[in-house]
Structure formats: structure tokens, C-alpha cells
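So the chains spell out like this:
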Amino acid sequence: MLKQKLYNHKIILASGSPRRQDFFSKLDIDFTIDVREVEEIFDESLKREAITDYLSQLKASAFNDISEKEIVITSDTIVWKDNKALGKPIDAADAKKMIRSLSNTMHEVFTSVTFTMANKQVTVNDCTKVWFKTLTDEEIAFYVDNYKPFDKAGSYGIQDWLGYIGIEKIEGCFFNVMGLPTRKVYQGLLDIATK
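Rules of the game
- Residues numbered from 1 in each chain as written.
- Predicted model: local features only at pLDDT ≥ 70, side-chain atom pairs only at ≥ 80, totals over all residues.
- Heavy atoms only, no water.
- Salt bridge = Lys/Arg side-chain N within 4 Å of Asp/Glu carboxyl O.
- Helix = DSSP H or I, 4+ residues; strand = E, 2+ residues; numbered from the N terminus.
- Buried < 20%, exposed > 50% of the residue type's maximum accessible area, 1.4 Å probe, protein only.
- Pairing = 2+ DSSP bridges.

Novice: Describe the pattern of salt bridges, naming the residues involved and giving the relevant values.
Specialist: Tallying each qualifying case throughout the model produces 17 salt bridges. Residue Lys10 pairs with Glu70 through a salt bridge whose shortest N-O separation is 3.9 Å. On the criterion of sequence distance, the pair formed by Lys10 in strand E1 (residues 10–13) and Glu70 in strand E3 (residues 70–81) is long-range, its members being 60 residues apart. For Lys10, a relative accessible area of 39% corresponds to the partly exposed category. Glu70 gets classed as buried once you look at its relative accessible area, which sits at 14%. When the shortest N-O distance is used, the salt bridge between Glu108 and Arg48 registers 2.8 Å. Linking Glu108 in strand E5 (residues 106–116) with Arg48 in the loop between strand E2 (32–33) and helix H3 (49–60), this pair joins segments that are 60 residues apart in sequence. Within the structure, one salt-bridge network assembled from shared partners comprises Arg19, Asp151, Lys152 and Asp160.

Novice: Please provide a residue-by-residue account of the pairing of E3, values included.
Specialist: Across the 12 residues of E3, 12 count as buried, placing the element largely inside the fold. Bridging between E1 and E3 involves four bridges; their strand directions are parallel. Bridge pairing links Leu13 to Ile73 in E3. The pairing of E3 with E5 spans nine bridges and is antiparallel. Among the inter-strand pairings, Ile78 is bridged to a residue of E5, identified as Phe110. Pairing between E3 and strand E4 (residues 84–86): three bridges, direction antiparallel.

Laid out in C-alpha cells, this is it:
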């Protein structure tokens, strides 16, 4: 359905994430991948979705050469806990420490998506609350050693083993925790296609 409405546009997904690429395939959207490196540094005064909004827009700033028919889609996800952002772990010890901090508590996952066109830019964001059970050191070590979640914000994937055994409940969009609020991407592209 969306593919037909976007027939006049070229969708560029600026993400190396296999999960985000899979989402776009499952949304039945034709797209190409073009990842351009930017230094993902943000001002410490930014909080929550202001961080992911800024970073998704920063990634879009690398695309200053797009045509009128192109739509560049950039995104960023963080885990927010104890008034600070948890990014990707630097090593196994860092991953275990992060997961330990999420045990038996609630955290929030923020994802922002920016749609960049030649004459306009729109950013949307989403928040999901996630509650973990009490995780044992053995469970945490098993997960980090076997699943190596070093490319994931907060050191875990909700779709991985730790999500299966550790998450007690979520409030909000499941797919947002995986890195893309799919319904908001669909609606954003639909709005662009029908205006």
C-alpha cells in the first residue's frame, strides 16, 4: 500500500542496523541504504527525547545533496535510566554493569526518526517503558558472553534471550525498543506521500 503511494519518491535509509533494515522490508517499502559517518556527540544538557531528536537530525546533516524526490530517514535510540542516557557498551564488563543497573527496575527507551527532504525536515519520537525482573549475575554473564550485545543501546535487545527471560512488562511500542517505532514511520511516510 505505502509502496504505491511513494512510487514517486526514493527512500534512503541511513542506518547500518540490520533490525531497522528488516523493519523497512517488512513494511513493504522500497529503499536503498546509505550510511554516512557523523560523530555522535551531544550536549550534556540535553535530556530524554531531546538527545535522540538531536542525534537523528545530526545524522541527517550529512545529507546536504539530496534531490526533490528523495527522502532520507535517520534515527537514534537511547535507554534512559537514572536521569542519564545509556548508549552502547564499550566492552563486556560495561555491558554487564549496564544490565545490572536495569535489573529489578523500570527504564525508558527513546527513539527518534527524522525524515529529511530537499525543502523540509520532520522529526518524530516515541517512548516505551520497560520493566526487568531481578536478574542474577549468572543470567547477565550468560547473556553478555553468548549474545554479545555490544551494538545495542543499554546492552540488550528485547528480541534476544534476555528479553524473553527478563522483561516483566512494557508500556508502549515493542518495536520502539528494538530501535524503530514502526507505526510512526509508516504514518510519517504516509503523510509525506499524501501531501
